Amino acid sequence: SFVDRIGRRLVQVMPSEMEHREFRYSFKVINVREINAFALPGGPMYINRGMIQAAGVEGEVAGVMAHELSHVILRHGTAGATKQQPFQIGAIAGAIAGAIIGGNVGQVVAQGTQFGLGTYFLRYSREYEKQADLLGVQLMARAGYDPFDLMHMFQTIEKQGGGGGPQFMSDHPNPGNREAYITQEASHLRIERQASDSREFARVQDRLRSMPQAPTTEQV
């Protein structure tokens, strides 16, 4: 419910010219240790438990989600797939669309190796990463979050040695001078209706710490 609340808040402030009425946004948590998150074409988003536990404030979770939402809004996954394998994209997109319509998104994710989701939809170019960063911080400010929190989360991810950092960065390559352009963009933005870093975030962190340690993706 915590993650879903953040996601809905971000979707509500999406610029009207970027709305896709056919998309169905959902926000789920995966109980794995690595610091990672991903979104599929059409709206389903998945946040690793490790990402939430690594965040220092609610805004850092919102930043990652705004970044992932931006990839969906800008259709980066399907655009990248079209460039890579235009003769196969129809079949794969159809399979995913059918699963989403049928409400079996989890089944699609579970069969990710079969469909090649990592290759087709979840590996972004540096150009797409920069676009998602810039739109992401704009969404954050419109939703009441400090856009600098996205930069802070990226710094945390990059500091992770053998943990989940490399996994996230392999799918989301650093475009270079990321800190500089996020800082520049964020400095021009006005935060609308400040979203409180609620006690809910602290409760979520406490709840996760009280649970058994999350398994790694490999263990799952």
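See the structure printed just above.
This write-up is about the structure you can find in this document.

What counts and what doesn't
Residues numbered from 1 in each chain as written. Predicted model: local features only at pLDDT ≥ 70, side-chain atom pairs only at ≥ 80, totals over all residues. Heavy atoms only, no water. Salt bridge = Lys/Arg side-chain N within 4 Å of Asp/Glu carboxyl O. Helix = DSSP H or I, 4+ residues; strand = E, 2+ residues; numbered from the N terminus. Buried < 20%, exposed > 50% of the residue type's maximum accessible area, 1.4 Å probe, protein only. Core = buried A, V, L, I, M, F, W, Y, C linked by side-chain atoms within 4.5 Å. Polar contact = N/O pair within 3.5 Å; in protein donor to acceptor, adjacent residues only side chain to side chain. Contact = heavy atoms within 4.5 Å. Axes fitted to C-alpha atoms, helices over the stretch in contact; angles between N-to-C directions. Parallel < 35°, antiparallel > 145°, perpendicular 65-115°, else oblique. Left-handed = near helix turned anticlockwise from the far one by under 90°. Nonpolar A, V, L, I, M, F, W, Y, C, P; charged D, E, K, R; others polar. Pairing = 2+ DSSP bridges.

### A word on the pattern of salt bridges
Here is step 1 of the chain: Counted under the stated rule, the structure contains nine salt bridges.
Here is step 2 of the chain: D4 is the salt-bridge partner of R8, the closest N and O atoms lying 3.4 Å from each other. Of the two residues, R8 and D4 both sit in helix 1 (residues 2–12), four residues apart, roughly one turn of that helix.
Here is step 3 of the chain: The class of R8 is partly exposed, set by a relative accessible area of 33%.
Here is step 4 of the chain: Among the ionic pairs, R75 bridges to E22, the shortest N-O distance being 3.0 Å. Pair noted here: R75 is in the loop between helix 3 (58–73) and helix 4 (76–84) and E22 is in the loop between helix 1 and strand 1 (26–30), with a separation of 53 residues, a long-range link.
Here is step 5 of the chain: Each of R5, E58 and E200 takes part in a single network of salt bridges with overlapping partners.

### Regarding the nonpolar core
Here is step 1 of the chain: In terms of nonpolar packing, the biggest core is built from 44 residues, with Y25, M51 and M65 touching the most fellow members.
Here is step 2 of the chain: When residues of this core are assigned to their parent elements, the largest contribution, eight residues, is made by helix 3.

### A closer look at the side chain of H67
Here is step 1 of the chain: Secondary-structure assignment places H67 in helix 3.
Here is step 2 of the chain: Side-chain polar atoms of H67 contact the side chain of H71, separated by 3.1 Å.
Here is step 3 of the chain: Engagement of the side chain of H67 in a polar contact is seen with the side chain of E129, the distance being 3.1 Å.
Here is step 4 of the chain: Leave out the neighbours within four places in its chain, and H67 touches E129, A132, D133, G136, L150, F154, H172 and R178.

### As for the packing of helix 1 against helix 3
Here is step 1 of the chain: Interaxial distance between helix 1 and helix 3 falls to 10 Å at its minimum, and their mutual angle equals 55 degrees. Here helix 3 runs oblique to helix 1, going by the angle between their axes. Helix 3 is crossed by helix 1, and the crossing has right-handed handedness. Within the contact between the two elements, helix 1 uses F2, V3, R5, I6, G7, L10 and V11 and helix 3 uses E58, V61, A62, M65, A66 and L69.
Here is step 2 of the chain: A breakdown of the residues in the contact of helix 1 with helix 3 according to their chemical character gives ten nonpolar, one polar and two charged.

### Some points on the pairing of strand 3 (residues 44–48)
Here is step 1 of the chain: Most of strand 3 sits out of view: five of its five residues are buried.
Here is step 2 of the chain: Sheet analysis places strand 1 next to strand 3, joined by five bridges and oriented parallel. Looking across to strand 3, one finds that S26 is bridged to P44.
Here is step 3 of the chain: The sheet contact formed by strand 2 (residues 37–39) and strand 3 spans three bridges and is antiparallel. For A39, the partnering residue across the bridge sits in strand 3 and is M45.

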